[in-house]
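A look at the structure
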Amino acid sequence: MFVLASALLAFAVQRAAAHGGVLAYSFGGQWYQGWAPYNSPTGQTSIQRPWSTYNPIQDATASTLACNDDGTSGALQLTATVAAGSKITAYWNQVWPHPYGPMLTYLAQCPGSTCTGVNAQTLKWFKIDQAGLLSGTVANGQWGAGQMINQNSSWTSTIPASVPSGNYLIRFETIALHSLPAQMYPECAQITITGGGNLAPTSNQLVTFPGGYSNSDPGLTVDLYSTAAQSMTSYPIPGPPLYGSSSSGGGGSPGTTVKPTTTAQPTTTVKSTTAVPTTTQAGTVAQYGQCGGQGWTGGTVCVSPYKCTVSNQYYSQCL
Ligand SMILES: *[C@@H]1O[C@H](CO)[C@@H](O)[C@H](O)[C@H]1NC(C)=O
Ligand SMILES: [Cu+2]
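Parameters and conventions
Residues numbered from 1 in each chain as written. Chains lettered and ligands numbered in written order. Predicted model: local features only at pLDDT ≥ 70, side-chain atom pairs only at ≥ 80, totals over all residues. Heavy atoms only, no water. UniProt positions renumbered as here; feature names shortened; annotations may be inferred. Donors = N, O, S within 2.8 Å, 3.2 Å for Na, K, Ca; no water. Tetrahedral: all angles 85-135°; square planar, octahedral: opposite > 155°, others 65-115°. Helix = DSSP H or I, 4+ residues; strand = E, 2+ residues; numbered from the N terminus. Buried < 20%, exposed > 50% of the residue type's maximum accessible area, 1.4 Å probe, protein only. Near = heavy atom within 4 Å. Polar contact = N/O pair within 3.5 Å; in protein donor to acceptor, adjacent residues only side chain to side chain. Areas by Shrake-Rupley, 256 points an atom, 1.4 Å probe, with all protein chains shown as cover. Nonpolar A, V, L, I, M, F, W, Y, C, P; charged D, E, K, R; others polar. Pairing = 2+ DSSP bridges. Axes fitted to C-alpha atoms, helices over the stretch in contact; angles between N-to-C directions.

The name an unreviewed UniProt entry assigns to the protein chain is AA9 family lytic polysaccharide monooxygenase, from the organism Agrocybe pediades. Here is the UniProt Subcellular location (unreviewed entry) comment for the protein chain, exactly as written: "Secreted".

What follows is the structure, encoded as structure tokens:
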């Protein structure tokens, strides 16, 4: 009886550990503990919108896609202040188990003086950061999610300096592609952005959740184990074009492995690069790719202008 019970418990723990979500944030030198989905909601106070399960969302039309089940503001909902142009880091449970798939970060401005009480499904979201296939092939390459794992299971996005000041939800998401249907893991936090600019997202950069993705998106249906995936070197990141990009192209132009290194400034005209994928010469490593670390036998020279930078004993990357 005891043996059975502990076996079941071990199984349950393992299952939970195979999934997860954003458990904390840090920015402005402060640590912000997230909502604890498996604790009693009573008395919990966090900047994160409450959520209730580590399970992934596997349907792009799910009502929970905005901020995860159910993502409405809690009784003791908090909001934190972030300066435009500064960085915010989200921490997933350690060690995040899914290295194949993209990382995506969105903002949505709330009407009125607070996001508290605002239903995330009614908001318009724009994408401020994304990382898809960073190098190699869809079948065997380095992905944004693998990068996140290598960075202490965390992801840092910059709040663009050009974003208008105001109350926002920030939505960090990772999508896992190791099995289909794809697994979406979004969570949201409430922030007030100060010192912002005046570049409003354009209408084609704004989407709802659900609505922003479709179950037939190539970025959600790609089969990593197909023969084609072994030679595919581009991956279309789901969702709208990136905020601040000269966005004539459709959702996440194919092969976009480029992450903006600078945030669009309010007054300057945004460079009209059509996100040309950095040409990777044989032997050179793309931005964010691994270029060193104990046991590393791959390339060690970064594509210009990136430099091989030591993250830790086991991992150096092109930054
Ligand atoms: C790694 O992430 C954990 C939270 O998951 C955090 O407590 C720890 O400080 C982080 N370590 C570093 C070096 O950032
Ligand atoms: Cu999982």
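Having put the structure on the table, let's press on.
**Brief notes about the coordination of the copper ion (ligand 2)**
With distances of 1.9 to 2.7 Å, the protein atoms coordinating the copper ion (ligand 2) are Ala 18 (O), His 19 (ND1), His 98 (NE2) and Tyr 185 (OH). Seen from the copper ion (ligand 2), its 4 donor atoms lie at angles of 72 to 158 degrees, and the figure they make is irregular. Between the donor residues of the copper ion (ligand 2), the gaps in sequence give the motif A-H-x78-H-x86-Y. One end of the pair, Ala 18, is in the loop between helix H1 (2-17) and strand E1 (22-27); the other, His 98, is in the loop between strand E4 (87-92) and strand E5 (103-109), with 80 residues separating them in the sequence. Residue classification places Ala 18 among the partly exposed residues on the basis of a relative accessible area of 29%. Residue class for His 98 comes out buried when judged on its relative accessible area of 8%.

**Let's talk about the site of ligand 1**
All residues in the neighbourhood of ligand 1 are listed as Trp 31, Tyr 91, Gln 94 and Asn 152. Between an oxygen atom of ligand 1 and a side-chain N or O atom of Gln 94, the distance comes to 3.0 Å. Within the side chain of Asn 152, an N or O atom sits 2.5 Å from an oxygen atom of ligand 1. Protein contacts shield 41% of the accessible area of ligand 1, which totals 360 Å² for the unbound molecule. Here the residues of the shell around ligand 1 sort into 2 nonpolar, 2 polar and no charged.

**Regarding the sheet that holds strand E10 (residues 166-176)**
Strand pairing in a sheet relies on backbone hydrogen bonds, with the paired strands running either antiparallel or parallel. If you trace the 5 strands from one edge of the open sheet to the other, you get E3-E11-E10-E5-E6, paired in mixed fashion. Lying at the two open borders of the sheet, with one neighbouring strand each, are strand E3 (80-83) and strand E6 (125-131). Taken over all neighbouring pairs, the strand axes of this sheet differ in orientation by 35 degrees on average, direction set aside. Strand direction decides the pairing type here: E3 and strand E11 (residues 183-194), joined by 4 bridges, are parallel. Across the sheet, Ala 83 pairs through a bridge with Thr 194, a residue of E11.

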